[in-house]
Structures are given as C-alpha cells and as structure tokens.
Amino acid sequence: MSSHPSAADVFDRILPLLRSQMAAQLPQEGPPAEKDFEAMDSVFVSMYETEPQMALLLAMGALERLDDVSDDGDWKLRMRAWFLTDLGLASSALGEPRRAI
C-alpha cells in the first residue's frame, strides 16, 4: 500500500498552516474560500520548480476542493483556470505529457 498522500490530503494539510501564517488575510475557520484558493496558488508557484510532485498534488487537491465549495461565484471559474494551468506547469516540470482532465 502506498504511503503517498492523496491530492485532497495535501491541500487539507497545507490550508491550516497557510491560514495561521496569513491570519490577517485569510479566514481562520470554515470551508476553503476564495482568498484561501488565491493564497494556495501562491504556495503552488513557490514550490512547483523544486517540488513538482507535491505541487501537482496541491493543484489536483485544489481542484477537488473547488468542487466541494457550494458558492457558485465567478471566482470559482477563475480559480479552476488557475489550478488547471498549475497542473500543466507541474506536469511539465515532472516531464509528463499533458493530457485533458
């Protein structure tokens, strides 16, 4: 059995750390919101060149969590586009062929 974390696990582990580091800017409880996803994209950018596998999981986890958000605002479409782009960047950094999701 693999000990690798799932994509959603990576997102869920990083979110509380990010919220504590950015307490003034991010909600401190509740489900992930727009500002959480924006901050998570910054985390992705800081890690995709040095840790492309974790960055790939983070982008996939963000996409999974976006599906869980009940708010249907336009921001979700923007965040989906960001994380799909991130997915492509991480795949390229890993040398994997890009494929449709």
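Residues numbered from 1 in each chain as written. Predicted model: local features only at pLDDT ≥ 70, side-chain atom pairs only at ≥ 80, totals over all residues. Heavy atoms only, no water.

Student: Can you explain the packing of aromatic side chains? Please cite residues and give values.
Tutor: Evaluated as defined, the whole model comprises 4 aromatic pairs. With centroids separated by 5.8 Å and ring planes inclined at 35 degrees, the aromatic side chains of F37 and W75 adopt a geometry described as tilted. Remark: W75 occurs in helix α4 (residues 74-94) and F37 occurs in helix α2 (residues 34-47); sequence separation between them is 38 residues. Taken as a pair, F37 and W75 share a single burial class, namely buried. Ring centres of F37 and F83 lie 6.4 Å apart, and the angle between their planes is 70 degrees; this geometry places the pair in the edge-to-face category. Highlighted residues: F37 in helix α2 and F83 in helix α4, separated in sequence by 46 residues. Ring-pair connections join several aromatic residues into one group, and the members of that group are F11, F37, W75 and F83. Positioned above the aromatic ring of W82, the side-chain terminus of R78 is 5.6 Å from the ring centre. (Phe/Tyr/Trp six-rings, centres within 6.5 Å; stacked < 30°, edge-to-face > 60°. Helix = DSSP H or I, 4+ residues; strand = E, 2+ residues; numbered from the N terminus. Buried < 20%, exposed > 50% of the residue type's maximum accessible area, 1.4 Å probe, protein only. Lys NZ or Arg CZ within 6 Å of the ring centre and 35° of its normal.)

Student: Break down the nonpolar core for me, with residues and values.
Tutor: Proteins that are soluble and globular tend to have nonpolar side chains buried together. Counting residues in hydrophobic clusters, the biggest one holds 28 residues, and the most contacted among them are F11, F37, M40, F44, L58, L66 and F83. Breaking this core down by element, the ones donating at least two residues are α1 (7-21), α2, α3 (52-68) and α4. The dominant element in this core, judged by the number of residues it contributes, is α3, at 8 residues. Discounting residues that sit within four places of it in the chain, M40 has contacts with F11, I14, L15, L18, L58 and F83. (Core = buried A, V, L, I, M, F, W, Y, C linked by side-chain atoms within 4.5 Å. Contact = heavy atoms within 4.5 Å.)

Student: How would you summarise the environment of R19 if you had to cite specific residues and measurements?
Tutor: Positionally, R19 belongs in helix α1. Classification of R19 by relative accessible area gives buried; the value is 6%. Other than its neighbours up to four places away in sequence, R19 contacts L26, P27, Q28, E29, G30, P31, P32, A33 and D36. Among the polar contacts made by the side chain of R19, one reaches the main-chain carbonyl oxygen of P31 at a distance of 3.3 Å. (Polar contact = N/O pair within 3.5 Å; in protein donor to acceptor, adjacent residues only side chain to side chain.)

Student: Requested: an account of the side chain of K76, with residues and values cited.
Tutor: Considering the arrangement of structural elements, one finds K76 in helix α4. Among the polar contacts listed, one links the side chain of K76 to the backbone oxygen of V69, at a separation of 2.8 Å. When neighbours within four sequence positions are excluded, K76 is seen to be in contact with L66, V69 and D71.

Student: Could you give an account of the pattern of salt bridges, naming the residues involved and the relevant values?
Tutor: Across all of its chains, the model carries 7 salt bridges by this definition. Note that D12 and R65 form a salt bridge whose closest N and O atoms lie 2.6 Å from each other. Here D12 is found in helix α1, whereas its partner R65 is found in helix α3, with 53 residues between them in sequence. The salt bridge involving D67 is made with R80; its shortest N-O contact spans 2.5 Å. Of this pair, D67 sits in helix α3 while R80 sits in helix α4, and the two are 13 residues apart along the sequence. For R80, a relative accessible area of 27% corresponds to the partly exposed category. (Salt bridge = Lys/Arg side-chain N within 4 Å of Asp/Glu carboxyl O.)

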